[in-house]
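This is what each chain is made of:
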Amino acid sequence: MKQYIAAQKFTFYIETYGCQMNSHDSEKIAGILTTLGYRPNPVKEDADLILFNTCCVRENAENKIFGNVGKMKQIKQKRPHLIVGVCGCMMQQAGVAERLGKMFPFVDLIFGTNNMQELPQMIWQILMEKGRSMCIRQEGVAEEEVEMLRTPPPLASVNIMQGCDNFCTYCIVPYVRGREHSRPIHAIVREIEQLMEQGYKEVMLLGQNVNSYGKGLENADFPTLLDAVARTGIERIRFMTSHPKDASMKMLEQMAKHDNICKQLHLPVQAGSTRILQEMNRKYTREQYLRLVEQIRREIPGISLSTDIMVGFPGETDSDFEETVSLMETVKYDAAFTFVYSPRKGTKAAQMPGQISEEVKQQRIMRLVALQAEHTYQSNLANVGKIEKILIEGQSTKDAKAVCGRTDGGKMVNLPGSMQLLGKMVTAEITEAKKTTLLGRILN
Ligand code: SF4
């Protein structure tokens with residue numbers, strides 16, 4: 001098959017939606033396609049295989065994906081040999097793959113998150129028989145140990161686990177990504193050592209709930225994994241996402257102990273009202289969350305904290321919302337991702353009474369966005385004058401004569417310099433705060 005595909009000089013393009021887990025899945029799919037003889041093509045319209053790696057976490061993402069897949073019809077009419085494929089967690093949702101297949105008869109390839117290993121056979125079947133190939137398996141786990149086509153150094157993502165057992169009432173992930181499954185520590189460490197050999201300097205450990213890593217494995221939990229990864233000597237380690245109910249003292253100890261574990265924690269709170277948190281099945285109260293934040297800041301002074309917050313959950317009253325605002329004012333996050341609740345079919349919350357009007361949701365989200373913008377700016381201002389280590393990760397998007405990179409706490413800094421600095425850890429003084437980024441000058 002490889003000789004055939006390579007001889008045809010076939011190319012591929014992957015359009016990825018959603019979270020970092022999905023981007024990482026796209027790296028795996030790209031790796032499989034490259035092994036088959038395909039080459040990446042930066043121009044979507046020119047590719048011989050166009051694949052949409054979908055996300056179903058937000059409703060508007062789903063609408064956008066259906067719209068973009070629909071646009072492929074014209075390209076397919078002009079170039080009938082083009083393979084159009086759709087994969088990812090949206091395809092795992094009950095009935096969606098069938099609906100998509102009916103709406104868009106020109107889609108050749110449909111597969112779920114647990115079917116990457118079947119991709120070579122599916123593509124071969126399409127190339128040889130010209131029919132549609134569809135494979136969605138609900139059970140099992142996605143292939144982990146595949147050769148990936150990663151974005152070039154210095155940053156890499158490493159999956160440590162898949163799935164989620166938490167069943168927050170608004171969330172579709174446990175239904176489409178299945179039960180939690182952790183990779184063994186030795187496999188993760190080996191992958192990171194290989195990344196270091198290839199010139200990667202920073203890894204992001206990924207999981208839906210990294211704090212419950214290790215279920216089903218012997219002598220493995222997240223702090224033990226953090227310790228093992230830190231001992232590889234990689235320059236920087238970040239991780240996400242932490243569930244507040246499982247964030248442990250042992251994890252904080254590992255973060256404090258190792259210089260190469262970044263002092264940054266993404267700790268989604270979702271809401272500031274205990275009543276709403278219970279309805280969400282988050283398994284912590286407002287008070288427990290605030291105590292945890294105090295403990296984190298005591299153990300790791302100066303740590304950068306970010307969060308996810310949702311407005312408009314069913315039954316959210318004005319006073320519930322005010323509790324979210326007051327929690328934000330108490331914590332003063334360095335960054336926050338704010339969302340409007342949208343019902344996801346198949347989840348408990350979608351059936352709950354008291355759905356909130358779009359108008360109220362919009363008013364609430366605008367207040368949160370404005371409040372967080374102020375907190376982010378204040379947090380940026382507090383960095384001015386500090387000396388920071390910054391890993392240069394690319395060209396600045398603001399200035400052709402500048403590069404950019406992140407501080408240990410995850411703040412983006414633009415600095416005068418050339419791309420020869422790519423992948424280097426530089427020492428810099430922070431000279432100015434912008435609304436969402438910082439400016440600096442390199443000292444060494
Ligand atoms: S922890 Fe909750 S929000 Fe996060 S993936 Fe699991 S169910 Fe979804």
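Overview of the structure. On a predicted model such as this, the values are computed, not experimentally measured, just so you know. (Residues numbered from 1 in each chain as written. Predicted model: local features only at pLDDT ≥ 70, side-chain atom pairs only at ≥ 80, totals over all residues. Heavy atoms only, no water.)

1. Concerning the nonpolar core
Phase 1 of the analysis: The biggest cluster of nonpolar side chains holds 65 residues, and the ones touching the most others in it are Leu 205, Phe 222, Phe 239 and Met 255.
Phase 2 of the analysis: In contact with Phe 239, other than residues within four places in its own chain, are Met 204, Leu 205, Val 210, Phe 222, Leu 226, Met 251, Met 255, Ile 261 and Leu 265.
Phase 3 of the analysis: In this structure, Tyr 17, Ile 65, Met 72 and Val 86 belong to the second largest nonpolar core, which totals 26 residues. (Core = buried A, V, L, I, M, F, W, Y, C linked by side-chain atoms within 4.5 Å. Buried < 20%, exposed > 50% of the residue type's maximum accessible area, 1.4 Å probe, protein only. Contact = heavy atoms within 4.5 Å.)

2. Remarks on the sheet that holds strand β12 (residues 264-266)
Phase 1 of the analysis: Taking strand neighbours across the sheet as the criterion, the three strands line up as β12-β13-β14 in an open arrangement whose pairing is parallel. On the outer flanks of this sheet lie β12 and β14 (335-340), each paired with one strand and no other. Going from strand to strand, the sheet's axes swing by 10 degrees on average, the running direction of each strand aside.
Phase 2 of the analysis: Relative to strand β13 (residues 304-311), β12 runs parallel, the two sharing three bridges. Across the sheet, the residue bridging to Gln 264 is Ser 304, located in β13. (Pairing = 2+ DSSP bridges. Helix = DSSP H or I, 4+ residues; strand = E, 2+ residues; numbered from the N terminus. Axes fitted to C-alpha atoms, helices over the stretch in contact; angles between N-to-C directions.)

3. A short note on the site of the ligand
Phase 1 of the analysis: Near the ligand you find Cys 164, Asn 166, Phe 167, Cys 168, Tyr 170, Cys 171, Val 173, Pro 174, Gln 208, His 243 and Arg 282, and these make up its full shell.
Phase 2 of the analysis: When the residues that make up the shell around the ligand are grouped by side-chain class, the tally is seven nonpolar, three polar and one charged. (Near = heavy atom within 4 Å. Nonpolar A, V, L, I, M, F, W, Y, C, P; charged D, E, K, R; others polar.)

4. Looking at helix α6 (residues 119-129)
Phase 1 of the analysis: Here α6 has its buried residues at Leu 119, Pro 120, Met 122, Ile 123, Ile 126 and Leu 127. Considered in projection along α6, the buried side chains sweep an arc of 165 degrees and stay on one side of the axis.
Phase 2 of the analysis: Structurally, α6 contributes buried residues whose contacts are with α1 (2-7), α2 (20-35), β3 (49-54), β4 (83-88), β5 (109-111) and β6 (133-135).
Phase 3 of the analysis: Taken from the residues just after α6, Lys 130 is the one with a positive phi, measuring 60 degrees. (Arc of directions from axis to C-beta.)

5. Structural notes on the packing of helix α10 (residues 249-257) against helix α12 (residues 286-299)
Phase 1 of the analysis: One way to put it is that α10 packs onto α12 with a least axis distance of 10 Å and a crossing angle of 25 degrees. The angle between α10 and α12 places the two elements in the roughly parallel class. In the packing of α10 onto α12, the handedness of the crossing is right-handed. Here Met 249, Leu 252 and Ala 256 of α10 come into contact with α12, specifically with Gln 295, Ile 296 and Glu 299.
Phase 2 of the analysis: A per-class count over the contact of α10 with α12 returns four nonpolar, one polar and one charged. (Parallel < 35°, antiparallel > 145°, perpendicular 65-115°, else oblique. Left-handed = near helix turned anticlockwise from the far one by under 90°.)

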